[in-house]
Amino acid sequence: MTSPAFLGALCLALSCLGGSHGFWRSDDLEWSKLIMVHHWPATVCQEVARHCKDPPNYWTIHGLWPDKSEACNRSWPFNPHEIKDLLPDMKMYWPDLLHPSNCSLQFWSHEWKKHGTCAAQLDALNSQRKYFGKSLDLYKALALTSMLQKLGIEPSTDHYYQVSDIRDALVTVYKVVPKVQCFLLEKGQEVQLLGQVELCFSKDLQLQNCSHAAEPAARRQEAWPNLGLHVCNDGPVLYPPLNETKL
């Protein structure tokens, strides 16, 4: 017969495993889709001009986010040595626009701890190397910058696009509905700046429609709480060129 003392020790051991790699807590950490978040450096830098330095002139990665859960395994710290071979692409396509002096390590650490540890529930993303590597693969496959160019949607200071036209154009390419997000140009003005585009994936990493439902403030604001991103209102939107942005 199994003794109560043995059962108690076993339960204690199993509970301790809850902090180990690959073991998650229960239903509150379940998620249903991944969101590949792109942001436009010219817009981000216009919002926080004092931080940016030599931003790139192409859409960059903000993150690959499970839609619901966050910080699923606090005992799994970011280790840059695990993505050493990815660093050239990480620096190019996933830079920290707001804090360029720290070589983006703090930004990547934040993305891993908040989102990567939850995405790691998938075998395809269950290590830091897989999570960041697959994120880069998805970003390159989507090729948002070149797709917008092919659609005739290019940065301009004297031409407004309609939000619906951008969204519909992306649907023709990706065959799913994206989420297009904007900033207000200035407080009180009804002119939006194109700031972020989200494209969503199922758990088997197939593109799917993104929902426009309201999101928790923590996920919407992400690591940059001062940025006023919102789902673009129907109507005109400015897609600003980098060289016209006041940095």
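As the structure is a prediction and not an experimental result, all values here were calculated from the model.

### A few points about the confidence of the model for the protein
Thought 1: Across the protein, the average pLDDT comes to 83, with 77% of residues at 70 or higher.
Thought 2: Below pLDDT 50 for its whole length, residues 1-20 participates in seven contacts with residues either more than four positions away or in separate chains.
Thought 3: For the stretch residues 22-27, pLDDT sits under 50, and the model shows 14 contacts to residues farther than four places along the chain or on other chains.

### Some points on the UniProt feature "active site" (unreviewed entry) in the protein
Thought 1: In this structure's numbering, the residues bearing the UniProt feature "active site" (unreviewed entry) are His-62, Glu-111 and His-115. A stretch of 54 residues holds the annotated residues, and the largest C-alpha distance among them is 11.4 Å, short enough that they meet in one place.
Thought 2: Within the secondary structure, His-62 sits in strand S2 (residues 60-66).
Thought 3: Under the relative-accessibility criterion, His-62 is labelled buried at 2%.
Thought 4: Along the chain, His-115 turns up in helix H4 (residues 105-119).

### Focus: the pairing of strand S4 (residues 179-184)
Thought 1: The buried count for S4 comes to five of six residues, which makes it a mostly enclosed element.
Thought 2: In terms of strand pairing, S4 meets strand S5 (residues 192-201) through six bridges, oriented antiparallel. By the bridge assignment for S5, Cys-182 is matched with Leu-194.
Thought 3: Two elements, S4 and strand S7 (residues 230-231), share two bridges in a ladder whose sense is antiparallel. Across the sheet, the residue bridging to Gln-181 is Val-231, located in S7.

### A few points about the pattern of salt bridges
Thought 1: Inspection of every chain in the model, using the stated rule, returns six salt bridges.
Thought 2: The partner of Asp-67 in a salt bridge is Lys-33, with the nearest N and O atoms 3.8 Å apart. One end of the pair, Asp-67, is in the loop between S2 and helix H3 (87-93); the other, Lys-33, is in the loop between helix H1 (4-16) and strand S1 (34-39), and 34 residues separate them in sequence.
Thought 3: For Asp-67, a relative accessible area of 14% corresponds to the buried category.

Reading guide: rules and limits
Throughout this document, residue positions are counted from 1 along each chain, in the order its sequence is written. Under the rules for a predicted model, residues below a pLDDT of 70 receive no local features and side-chain atom pairs below 80 are neither given nor counted, while totals for whole chains, interfaces and linings still include all residues. With hydrogens and water set aside, each side-chain value is computed from the structure's full complement of heavy atoms. Confidence per residue, as judged by the predictor, is encoded in pLDDT with a range of 0 to 100. What makes two residues a contact is simply this: any of their non-hydrogen atoms within 4.5 Å. UniProt positions are given in the numbering used here, feature names are shortened, and annotations may be inferred rather than shown by experiment. Here a helix means four or more residues in a row that DSSP labels H or I, a strand means two or more in a row labelled E, and each is numbered from the N terminus. Burial here depends on accessible area, computed with a 1.4 Å probe over protein chains only, as a share of the maximum for the residue type. Under 20% is buried, over 50% is exposed, and the range in between is partly exposed. For two strands to count as paired, DSSP must find a minimum of two bridges between them. Throughout this description, the term salt bridge denotes a Lys or Arg side-chain nitrogen within 4 Å of a carboxyl oxygen of Asp or Glu.

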